[in-house]
Amino acid sequence: MDYSYDPENIFAKILRGEIPNYTVFENDHALAFRDIQPQAKVHVLVIPKGPYVSLDHFARDASAQEQVGFMKALAAVCESEGVDAGFRAIANTRAHGVQDVPHFHLHIIGGQQLGVMLPR
Ligand code: DGP
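Notes on the structure in this doc start here. Every value quoted in this text rests on a predicted model; they were computed, and no experiment measured them.

A separate point is the environment of glutamate 79. Locating glutamate 79 in the fold gives a position in helix α3 (residues 64–81). Classification of glutamate 79 as exposed rests on a relative accessible area of 68%. The spatial distance from the C-alpha of glutamate 79 to the C-alpha of glutamate 66 is 20 Å, given a sequence separation of 13 residues.

Right, here's the structure in full:
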């Protein structure tokens, strides 16, 4: 797998403060912010601060501290967004997963009934 990272992708620019974002939570290893095109009442993106292109890249190469920091950010978002009734976490990945931004991000979507995951 080619996990080469493009430092000019839009989320890298957000991390460098070059593009504004609506931050929901931040720690040493992750940033969570509202999606610019929300697909539900709650739509937050959680991203690692390190240069990882995809979920599998992050799972393979991120340090334990980075992985824990990311998961703690996810937990903080779920708590602050009040998704007690449930949510969906989506990591669109490469071409088949229709990933637009080549910096790993987890969509946290909820705040309403989401229906089935894929058409049956
Ligand atoms: P995808 O790569 O297909 O998993 O989705 C990328 C998401 O990123 C998409 O839902 C829209 C969102 N997005 C793209 N550009 C920006 C931006 O500049 N700011 C924010 N907050 N979200 C963005």
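Positionally, histidine 107 belongs in strand β5 (residues 106–110). Not counting residues up to four positions away in its chain, the partners in contact with histidine 107 are Asp35, His43, Val44, Leu45, Arg88, Ala89, Ile90 and Asn92.

Next up on the list: the pattern of salt bridges. By the definition in use, this model includes six salt bridges. As a salt-bridge pair, glutamate 18 and arginine 16 come within 2.7 Å of each other at their nearest N and O atoms. Of the residues examined, arginine 16 reaches a relative accessible area of 41% and is grouped as partly exposed. Glutamate 26 serves as the salt-bridge partner of lysine 49, at 2.8 Å between the closest nitrogen and oxygen. Here lysine 49, found in the loop between β3 (42–48) and α2 (55–61), pairs with glutamate 26, found in strand β1 (residues 23–26); they are 23 residues apart in sequence, far enough to count as distant.

What counts, and where the lines are drawn
- Residues numbered from 1 in each chain as written.
- Predicted model: local features only at pLDDT ≥ 70, side-chain atom pairs only at ≥ 80, totals over all residues.
- Heavy atoms only, no water.
- Helix = DSSP H or I, 4+ residues; strand = E, 2+ residues; numbered from the N terminus.
- Buried < 20%, exposed > 50% of the residue type's maximum accessible area, 1.4 Å probe, protein only.
- Contact = heavy atoms within 4.5 Å.
- Salt bridge = Lys/Arg side-chain N within 4 Å of Asp/Glu carboxyl O.

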